[in-house]
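Examination of the molecular architecture
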Amino acid sequence: MLRLPRLALPSLLACAALLALPGCQPPPPAPASAAPLAAVSPLPADLAAALDTFRAEGPKGWAFTQSTTGSGRDRVERYDPSRRGPDRWTLLSEKGRAPTGAEQQRYRDTRPPFDAAANLAAQLNRASATLVARDGQSATYEFTLVPAGEHDTAAAHMRARFTRDTATGAFTRVELFNFEPFKAAPSLTIQEARTTLLYAPPSGGRPALPLETSLHVRGTRFWISSFSQDVTSKFSDQANMNAAATGAHSPSP
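The following paragraphs examine the structure supplied in this document.

Now for the nonpolar core. Counting 32 residues, the largest nonpolar core has Leu 43, Leu 51, Phe 54, Phe 143 and Phe 162 as the members making the most contacts within it. When residues of this core are traced back to their parent elements, those giving at least two are α2 (45-53), β5 (124-134), β6 (138-145), β7 (158-165), β8 (171-178) and β10 (188-200). Considering every element that reaches this core, the biggest residue donor is β10, with 5 residues. Dropping the residues within four chain positions of it, Leu 51 is found in contact with Leu 43, Ala 121, Leu 124, Arg 126, Phe 143, Phe 162 and Phe 171. Phe 64, Tyr 79, Trp 89 and Leu 91 belong to the second largest nonpolar core, which has 6 residues in total.

The structure is reproduced here in structure tokens:
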């Protein structure tokens with residue numbers, strides 16, 4: 001199961017603080033915020049069911065190659081859930097160079113022995129749902145967020161948007177973003193924080209699969225030092241290892 005977006009993020013709400021690392025790249029333009037069209041309460045049964053089964057990491061049992069770039073990162077990794085523990089991960093290249101045996105072992109030593117899911121749907125305040133966009137192909141719903149704990153200072157300043165494909169009922173875009181600046185720590189102010197997840201809709205019997213995850217953060221430290229960071233992970237060569245275990249192999253297109 002893929003991390004989100006293969007960075008050490010225990011919670012999407014922690015992305016702003018964890019991404020406040022050295023790095024300076026021009027930030028992308030922030031998408032315009034659309035005015036809510038209508039409150040959605042109660043949630044339609046099919047939308048609630050889709051949220052109940054949503055996995056930000058993608059379906060269980062799928063192998064993939066992940067290529068991550070930005071803010072000094074240039075890494076290609078392969079994940080194979082049919083293997084055990086840290087051996088599920090293989091470092092294919094780091095900054096364009098294949099790793100040595102010792103580097104591969106050090107890399108695997110940093111991999112967690114077990115995967116942990118990011119239960120983003122549990123962080124949504126479903127009673128706050130509003131429909132913010134709709135066309136013939138999709139509908140986008142916006143939610144406020146439930147604090148992850150008493151020390152969560154970000155949730156009150158964040159929103160989540162889920163775009164659902166009308167034909168398949170699958171989520172094809174998920175965004176977590178701040179709508180106003182906030183202090184992640186006494187000396188750290190976040191001006192912009194956005195996590196975007198893109199998925200290919202189900203097709204040909206396969207489920208929705210992750211395509212790309214991007215993180216953007218911009219802010220100031222100690223009131224005078226500004227920073228920005230942008231990291232993108234792209235996913236390819238996805239294959240259903242559950243099917244492979246029974247003699248079938250289902251690579252993604």
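The pairing of strand β2 (residues 62-70) with strand β12 (residues 225-240) spans 7 bridges and is classified as antiparallel. Its bridge partner being in β12, Thr 69 is matched across the sheet by Thr 232. Bridge count between strand β11 (residues 209-221) and β12: 10 bridges; the pairing is antiparallel. Among the inter-strand pairings, His 216 is bridged to a residue of β12, identified as Asp 230.

Right, let's talk about the environment of Asn 242 for a bit. In this fold, Asn 242 is placed in helix α4 (residues 241-245). Here the alpha-carbon distance between Asn 242 and Trp 62, two residues 180 residues apart in the chain, equals 7.3 Å. If near-sequence neighbours (up to four positions away) are discounted, Asn 242 is found in contact with Lys 60 and Gly 61. Within polar-contact distance, the side chain of Asn 242 engages the backbone oxygen of Lys 60 at 3.1 Å.

Thresholds applied
- Position numbers for residues count from 1 along each chain, tracking the sequence in the order it is written.
- Where totals are concerned, whole chains, interfaces and linings use all residues; where local detail is concerned, this predicted model gives features only for residues with pLDDT of at least 70, and gives and counts side-chain atom pairs only at 80 or more.
- Side-chain numbers here rest on the full set of heavy atoms in the structure, without hydrogens or water.
- As used in this record, nonpolar core signifies buried Ala, Val, Leu, Ile, Met, Phe, Trp, Tyr and Cys residues forming a set joined through side-chain atoms within 4.5 Å.
- A 1.4 Å probe rolled over the protein chains alone gives each residue an accessible area, and that area as a share of the maximum for its type sets the label: buried under 20%, exposed over 50%, partly exposed in between.
- Each helix corresponds to a stretch of at least 4 residues labelled H or I by DSSP, and each strand to a stretch of at least 2 residues labelled E; elements are numbered beginning at the N terminus.
- Pairs of residues are marked as contacts when any of their non-hydrogen atoms sit within 4.5 Å.
- Any two strands with at least two DSSP-identified bridges between them are counted as paired.
- Distance and chemistry together define a polar contact, namely a pair of N or O atoms within 3.5 Å, with one atom able to donate a hydrogen and the other to accept it when in protein, and with adjacent residues in sequence counting only for side-chain atoms on both sides.

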